Amino acid sequence: MSNIQKQKPLLEVVDLKQHFPIESGFIIKRQVGAVRAVDGISFTVNEGETLGIVGESGCGKSTTVRSIAQLYKPTSGSVIFDGIDLVNAPKEQMLDARKNIQMIFQDPYASLDPRMTVRSIIGEPLEIYRKRGMLDPSIDKEVIEKRVEELMERVGLNRAFKNRYPHEFSGGQRQRIGIARALALNPKIILADEPVSALDVSIQSQILNLLHDLQKEFGLTYVFIAHDLAVIEYISTRVAVMYLGKIMELSRSADLYKNPLHPYTKALLSAAPIPDPEIERKRKRIILTGDVPSPNKERFGCYFYDRCPHRMEKCKTNIPPMKRIDENHEVACWLYE
Amino acid sequence: MSIAKAQKTYTHLLEVNGLKTYFKTDAGIVKAVDGISFTLDQGETLGIVGESGSGKSVTNLSIMRLIQSPPGKIVDGEILFEGEDILKLSESELRHIRGNEISMIFQDPMTSLNPFLRISTQMIETIRLHQDVTRKEALAKSIEMLKLVGIPAAEERIHNYPHQFSGGMRQRVMIAMALSCEAKILIADEPTTALDVTIQAQILELIQDLSKKLNTAVILITHDLGVVAGMCDTVCVMYAGKIVEKAKTHDLYAKPSHPYTFGLIQSVPRLDKAQDGKLFSIEGQPPNVIDLPPCCPFHPRCHKVMDICRTQYPPTKDLGNGHEVSCWLFADKKEHSHE
C-alpha cells in the first residue's frame, strides 16, 4: 500500500461535468435549466486500489460512475482509461476499452432480467463482445459455457443452478450473479454502485468478503460507492467525499477517518452511528441543519455554503479549489487556505 | 370504558405475551411471528432488531391489529395495553387506541402521506378524528406540532402539498402527525432507513428529544445496530419469527450471547476501529419461515451448532438482569438430557 503514489493511474477523471437538461414546453421543447448532477470533478484511480465514493443521495455518486462507464455522454471533461480518452475516442476504440470496465448495481432485483436464465445473464457480456468480433476467435459457445460455470463456482453459486431464473434466488445470491456477470470479461476495473446497501446485515458481510477476495485474486481495481461510511472505510484505499456534484475531500481512507478536514466530512462522520452503546452515547454529534439544496442552479460560492457551520463571507462568492494538505490528503475548503 | 380502565391496575404499559401471527399462503403456513413476549414501560425505548423477514414489522402491525385477514391471523397470545387485551377489543374501541394511545411512523415517508391533500388537511383530519376540537383549534395544534419537529416557517409550510417537502421533512411531518394526539406509545418502523445519514441523525435526535419531553414509550424497529446502540434502553433480537435474545442495550453489546447476535455485531464494519482482512460473516441465507421444523431455525448458519439444535427448539434462559437468550449453549444439563 505504501507505493501507491508511484504507480501510474489506471483511470483518470479530469473536470468531469454531467448536466441533465430540464426541458419545458409540449411540442416545441426548450431547455429551461439543467440538473448539475456532477459539476466538475477530477480524480485518479491507481491500479489495484479501491476508491470509495461517499455522499448523501443526490450528490452525484452514481452519475459519476455511470459517466465513467460511458452510459451517459458527459457534458464536458474527460475520462482517461489506460491512456484512452473514452469521451472523445472513436466508438470502436471506446467499446474495446470498455470491455475492461464493468459495473455492479445496487438493486439485485432490478438489475437482472427476470426472463433470462443465470447462464445467459452471466454469459451475456461474453456473447455481446463475441458478436462484435472483439474477443479472441478461439472463444466459442463451449468456452463461454465453461467460463460461466467457473464464474458461478468462484462467486459461491452452485453450478447446477445455471438454468434457473433470478426469482429463484435470494437477494444475496442475486448480487453474486451480478458480480459473476461483471467478472465475465476479465475486467481491470469494476465500478460498484452501492452493491451491499440493499442487503441484510449478515449477507452484506458475505458480499464484502467476496469482493475483497476477488480483488486479491484477480488484481482488480474498484470504484466503490456506498452511503455507509463504515463499509467505505473497510473496503477503500482512498475515499472521495462528494456533495452536490463536487468532491469536498479526497484522502487515504485511514487519514480521512482519523483526521477529517472538511466541515461536511466531519458532520458526516459524526452522524454515522457506531454499534457500541458505550461509545455511541458519549459521542458529540454535529447536526447539520436543513436538507441538501437543489442541484438545478449554478453556484458561484462553496457548494456546502447553505449548511456549513463554519461559513465565512468569502465562501459565499468564491468556489474553494482542491487544496493539497499533504501527499495523500486534498480538501476543497477555504478554512485550509 | 375509560372509567373501568382507570380502576384497573397494570404493571407494564404494554405487555405482549406469546403472540403468534400466521399467514396462510399457497405454499403453506408462514409463521411470521411465532410466540414472542416482551414488555414496555412508560418512557422506555425498546429496539427490535432483525433481518428482513424476521417478523419485526408483523409484530408491530399485530400490536395495532393492522394485520390483513385473510391471509393473516393472530392465532394466539395476548397484547395488554394498560392491562387491557387489545386482541379482545371491538373495532370502535380499537379506533380509540390507534392513533390516540399508540401511533405509528412508517418506513417510507414518500408513500405514507396522501399526495393529493395538503399537509394541513391531513393533519387536521388526524387530530379531529381523535380529539373533540374545532378545525381552527386543530390547525393551531398542527402548526404547533410542526414547529416542535423543527419545520421552518410552519404557518406557511402547512398549506403545502407533500411533494413540496423533502424526504427528511416528510418524515418530520409523519412524526408530528403521530405525536399530535399525545400517544403513549410510538411505534417507529424503520423510520430512517430511507433517509441519508445526516438526516437520520436529525430524525433520531428528534424522536429521542420528544420521547423524553412527552414521556412517550418508543418501539424502534430497525436493522441498524448502530441506531439501536444510541437510542434504545432494551433490545430484542428477532430471527425467523422468534425473539432469540433480549437484554438491556449495554448488556447486549457487552456480552452478546446468542451466536446470531454475536455474528450480527461482529459482521458490521466499524468506523472507530480500522479493520484489515476479513469480516466475520454468518454463512448461508435467512431461513424460509414456511413450515419450519421444530428445531432452532438458526442451526444451519450457526458456528457453534450442536446435535440437539437440529432436533429441538432451545428453552429460554435468563442470564440475569433481564438478559434472556434462547440457545442450547446456555441450557442446563438436565434440559439437554431431557427426552
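Residues numbered from 1 in each chain as written. Chains lettered and ligands numbered in written order. Predicted model: local features only at pLDDT ≥ 70, side-chain atom pairs only at ≥ 80, totals over all residues.

1. A closer look at the overall build of chain A
Within chain A, the regular secondary structure consists of eleven helices and twelve strands. Taken over C-alpha atoms, the radius of gyration comes to 21 Å for chain A, in line with the 20 Å a tight globule of 337 residues would show. Along the first, second and third principal axes, the C-alpha atoms of chain A reach 65 × 60 × 45 Å. Sequence separation of at least 24 residues holds for 64% of the intrachain contacts in chain A that already meet a minimum separation of 6. (Helix = DSSP H or I, 4+ residues; strand = E, 2+ residues; numbered from the N terminus. Rg over C-alpha atoms; globule rule 2.2 N^0.38 Å. Contact = placed C-beta atoms within 7 Å.)

2. Considerations on the overall build of chain B
Of the regular secondary structure elements, chain B holds twelve helices and twelve strands. For chain B, the C-alpha radius of gyration of 21 Å lies close to 20 Å, the compact-globule estimate for 339 residues. For the C-alpha atoms alone, the extent of chain B along its principal axes is close to 70 × 55 × 40 Å. Evaluated residue by residue, chain B yields a buried proportion of 46% over its 339 residues. Taking the contacts inside chain B whose residues are at least 6 apart along the sequence as the reference set, 63% of them involve residues at least 24 apart. (Buried ≥ 20, exposed ≤ 12 C-beta atoms within 10 Å, placed from the backbone.)

3. So, the sheet that holds strand β5 (residues 84-85) of chain A
Across the sheet, four strands lie side by side as β2-β1-β4-β5 (chain A); this open sheet has antiparallel pairing. Every other strand in the sheet has two partners, leaving β2 (30-46) and β5 of chain A as the edge strands with one partner each. (Pairing = 2+ DSSP bridges.)

4. Description of helix α5 (residues 135-148) of chain B
Residues and elements named next belong to chain B. For α5, with 14 residues, the first-to-last C-alpha span of 20 Å sits near the 20 Å given by 1.5 Å per residue. Those residues of α5 lying buried are Ala138, Ser142, Met145 and Leu146. Down the axis, α5 shows its buried residues gathered within 100° of arc, on one side only. Opposite its buried face, α5 presents the exposed residues Lys136 and Glu144, each directed more than 90 degrees away. Contact partners of the buried residues in α5: α4 (119-130), α6 (154-157) and α7 (167-179). Two residues or fewer after α5 comes Gly150, characterised by a positive phi angle close to 80°. (Expected span 1.5 Å × (residues − 1). Arc of directions from axis to C-beta.)

5. Remarks on the packing of α7 of chain B against helix α8 (residues 197-214) of chain B
Residue and element names in this part refer to chain B. In contact at an axis separation of 10 Å, α7 and α8 are set at 15° when each is read in the N-to-C sense. Taken together, the axis directions place α7 and α8 in an arrangement best described as roughly parallel. Of the two elements, α7 crosses α8, and the hand of that crossing is right-handed. Here Gly168, Gln171, Ile175 and Leu179 of α7 lie close against α8, whose contacting residues are Ile199, Gln202, Ile203, Leu206, Ile207, Leu210 and Leu214. In terms of residue class, the contact of α7 with α8 is built from eight nonpolar, three polar and no charged. (Axes fitted to C-alpha atoms, helices over the stretch in contact; angles between N-to-C directions. Parallel < 35°, antiparallel > 145°, perpendicular 65-115°, else oblique. Left-handed = near helix turned anticlockwise from the far one by under 90°. Nonpolar A, V, L, I, M, F, W, Y, C, P; charged D, E, K, R; others polar.)

6. With respect to the domain arrangement of chain B
Residues and elements named next belong to chain B. When cut into domains, chain B gives domain 1 (2-101 + 183-270 + 282-336) and domain 2 (113-182). The gap between the C-alpha centroids of domain 1 and domain 2 is 30 Å. Taken together, the contacts link 14 residues of domain 1 with 13 residues of domain 2. Broken down by element, the residue count for the side of domain 1 that touches domain 2 peaks at seven residues, all from α8. (Domains from an automatic or database assignment.)

7. Points about the interface of chain A and chain B
On the side of chain B, 41 residues touch chain A, which itself brings 37 residues to the contact. Put simply, the parts of the chain that give the side of chain A that touches chain B at least two residues each are α6 (201-218), α7 (229-235), α8 (253-258), α9 (263-271) and α10 (277-280) of chain A. Counting residues per element, the side of chain A that touches chain B draws most heavily on α6 of chain A, at seven residues. For the side of chain A that touches chain B, the residue count by class is 20 nonpolar, nine polar and eight charged.

8. What to know about unusual backbone geometry
Here Asp82 of chain A, not a glycine, exhibits a phi torsion of approximately 55°, which is positive. As for its placement among the helices and strands, Asp82 of chain A is situated in the loop between β4 (76-81) and β5. Here the phi dihedral of Glu190 of chain B falls at roughly 45°; this positive angle occurs in a residue that is not glycine.

9. Notes on the environment of Ile207 of chain A
All names here are of chain A. Tracing the backbone through its elements, the reader meets Ile207 in helix α6. In this structure, the C-alpha to C-alpha distance between Ile207 and Val155, residues 52 residues apart in sequence, is 9.2 Å. Those residues in contact with Ile207 that lie beyond four places of it in its chain are Gly172, Gln175, Pro195, Val196 and Leu199.

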